[in-house]
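# Chains, contacts and geometry: an overview
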Amino acid sequence: MKKTIIISILAGLTLMAASCGKSIESSEKNNTPVSAASPVILNAENEADNSSSSENDELKTTAIALTDAYGVIDKDILGGGLQTDDKSVIEFEAPAPYSGQITLTKVCDERFKDTDELRDYYFSTIFTGNEEYLFGGYFDKESFPEGSVLPFELSQLRYMMYDGQLYVNKDNLAGTDFYSWIDEISIEKISDTEFTATRKYTTDIGRVKAMEFDIKLIDSSWIINNVRSINI
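Because the structure is predicted, anything quoted here is derived from the model rather than measured. (Residues numbered from 1 in each chain as written. Predicted model: local features only at pLDDT ≥ 70, side-chain atom pairs only at ≥ 80, totals over all residues. Heavy atoms only, no water.)

### Comments concerning the overall build of the protein chain
Helices and strands together make up the secondary structure of the protein chain, namely 3 helices and 11 strands. Listed by position from the N terminus, the elements making up the protein chain come as β-β-α-β-β-α-β-α-β-β-β-β-β-β. For the protein chain, the proportion of its 232 residues judged to be buried stands at 42%. For the protein chain, contacts bridging at least 24 residues in sequence account for 62% of all contacts bridging at least 6. Approximately 11,900 Å² of the protein chain is accessible, and the part contributed by carbon and sulfur atoms is 46%. (Helix = DSSP H or I, 4+ residues; strand = E, 2+ residues; numbered from the N terminus. Buried < 20%, exposed > 50% of the residue type's maximum accessible area, 1.4 Å probe, protein only. Contact = heavy atoms within 4.5 Å. Areas by Shrake-Rupley, 256 points an atom, 1.4 Å probe, with all protein chains shown as cover.)

Laid out in structure tokens, this is it:
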């Protein structure tokens, strides 16, 4: 392991206001992705044993921050747990060959004001290029008045901006059994640029499961490169 481990934990996002729509419980203690901007110097020459322990602690801190953020993504962003105003909806028609209505619900979660904030949070936590229909769609009532037919690209989006407000298509969200993390976390397979973290969690029906994360240093930032469910 290098003598210098580069870690920076960004400031946590503001918790949502309780005045809008349904209320949710957030079990994540730190919703912030981790970058590698601020060096932590370890004195390996004088305290070799302490150095190894300190490095391990730093990686655990990194892993906790990233997995906390992953929990927000899995439960709230992808799983539909963001605060919404279910009385503020807009309805459109689905494009051919589909039929039926597309309902967009206004998001009023103070942690995320627009799709740019959602996108930044997501891609600073997970390394992936396969989410083209997750965030996007800046459009308004001039181009697509309520009741009009949405083009295919807009109909597939999960989150979009309409008249400057953030909306979600709840029909496009994925289900999850994730409820909350158990604080216990372990790391292994450590190298200069990557390591593996394992963390247990409780499901929505109270079972205990675990996820294994491959965490890699990419462009000076620690980021989740792969996620696996494991048997415990």
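Moving on from the model shown.
### Some words on the sheet that holds strand E7 (residues 165-168)
The 5 strands lie next to each other as E3-E4-E7-E6-E5, forming an open sheet whose pairing is mixed. On the outer flanks of this sheet lie strand E3 (84-93) and strand E5 (135-139), each paired with one strand and no other. Each adjacent strand pair in this sheet contributes to an overall mean axis angle of 35°, direction not counted. Examined bridge by bridge, E5 and strand E6 (residues 159-162) share 4 bridges and lie parallel to one another. Within E6, the position partnered with Phe135 by the bridge is Tyr159. (Pairing = 2+ DSSP bridges. Axes fitted to C-alpha atoms, helices over the stretch in contact; angles between N-to-C directions.)

### Concerning the confidence of the model for the protein chain
Of the residues in the protein chain, 77% reach a pLDDT of 70 or more, and the chain-wide mean stands at 83. Across the protein chain, element-level confidence peaks in E7 with a mean pLDDT of 98 and bottoms out in strand E1 (residues 4-9) with 36. With pLDDT under 50 throughout, residues 1-19 is counted as low confidence; its partners more than four residues away or in other chains account for 71 contacts. Here residues 22-33 is modelled with pLDDT under 50, and outside its nearest four sequence neighbours on either side it reaches 52 contacts, counting other chains as well. (pLDDT = per-residue confidence, 0-100.)

### A closer look at the pattern of salt bridges
If you walk through the whole model with that rule in mind, you get 9 salt bridges. The partner of Arg111 in a salt bridge is Asp109, with the nearest N and O atoms 2.9 Å apart. Glu212 is paired through a salt bridge with Arg228; the nearest N and O atoms lie 2.6 Å apart. Of this pair, Glu212 sits in strand E10 (residues 208-218) while Arg228 is found in strand E11 (residues 221-230), placing the two residues 16 residues apart along the sequence. A residue is classified by how much of its surface remains accessible, and Arg228, at 27% relative accessible area, is partly exposed. Residues joined by salt bridges that share partners form a network here, namely Asp68, Asp183 and Arg199. (Salt bridge = Lys/Arg side-chain N within 4 Å of Asp/Glu carboxyl O.)

### Some thoughts on the packing of aromatic side chains
Between two aromatic rings, the relevant description is the distance of the centres plus the angle of the planes. Under the definition given, this model contains 17 aromatic pairs. Here Tyr133 and Phe152 contribute two aromatic rings whose centre-to-centre distance is 6.2 Å and whose plane-to-plane angle is 85°, an arrangement assigned as edge-to-face. With Tyr133 in the loop between helix H2 (115-123) and E5 and Phe152 in helix H3 (residues 152-155), this residue pair connects regions lying 19 residues apart in the sequence. Each residue in the set Tyr70, Phe178, Trp181, Tyr201 and Phe213 is aromatic and connected to the rest through ring pairs, giving one cluster. (Phe/Tyr/Trp six-rings, centres within 6.5 Å; stacked < 30°, edge-to-face > 60°.)

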